[in-house]
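Survey of secondary and tertiary structure
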Amino acid sequence: MAHKFEVYQDKAGEFRVRFKYNSEVIFSTEGYSDKSGAKRAIESIKKHVGDAPVEDAA
């Protein structure tokens with residue numbers, strides 16, 4: 001699969017999510033105190049990303 005979400009624990013002990021496409025990290029989230037918070041973030045992203053507007057900040 002060319003794209004995936006990864007849940008990982010950072011050096012500070014927080015759980016984070018990163019989204020990878022072709023092994024390149026596209027984005028990562030803030031830290032969560034438990035793994036379930038990171039998994040909820042994934043579900044929220046999946047639910048809302050299709051409706052996200054595109055803003056040109058340039």
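Residues numbered from 1 in each chain as written. Predicted model: local features only at pLDDT ≥ 70, side-chain atom pairs only at ≥ 80, totals over all residues. Heavy atoms only, no water.

Per an unreviewed UniProt entry, the protein chain goes by the name DUF1508 domain-containing protein and belongs to Brevundimonas albigilva.

Attention shifts here to the pairing of strand β2 (residues 15-21). The pairing of strand β1 (residues 3-9) with β2 spans seven bridges and is classified as antiparallel. The partner of Phe5 across the bridge, within β2, is Phe19. Taken together, β1 and the strand that follows it, β2, pair antiparallel across an intervening segment of five residues, in which Gly13 is found at a positive phi of about 90 degrees. Bridging between β2 and strand β3 (residues 24-28) involves four bridges; their strand directions are antiparallel. Bridging from a neighbouring strand, Lys20 pairs with Val25 of β3. Hairpin geometry of β2 and β3 is characterised by an intervening segment of two residues between the two adjacent antiparallel strands and by a positive phi of about 50 degrees at Asn22. (Pairing = 2+ DSSP bridges. Helix = DSSP H or I, 4+ residues; strand = E, 2+ residues; numbered from the N terminus.)

Attention now goes to the pattern of salt bridges. Inspection of every chain in the model, using the stated rule, returns five salt bridges. The salt bridge partner of Glu6 is Arg18, with a shortest N-O separation of 2.7 Å. Separated by 12 residues along the polypeptide, Glu6 in strand β1 and Arg18 in strand β2 bring together distant segments of the chain. For the salt bridge of Arg16 with Asp10, the shortest nitrogen-to-oxygen distance reads 2.6 Å. With a relative accessible area of 18%, Asp10 lands in the buried category. (Salt bridge = Lys/Arg side-chain N within 4 Å of Asp/Glu carboxyl O. Buried < 20%, exposed > 50% of the residue type's maximum accessible area, 1.4 Å probe, protein only.)

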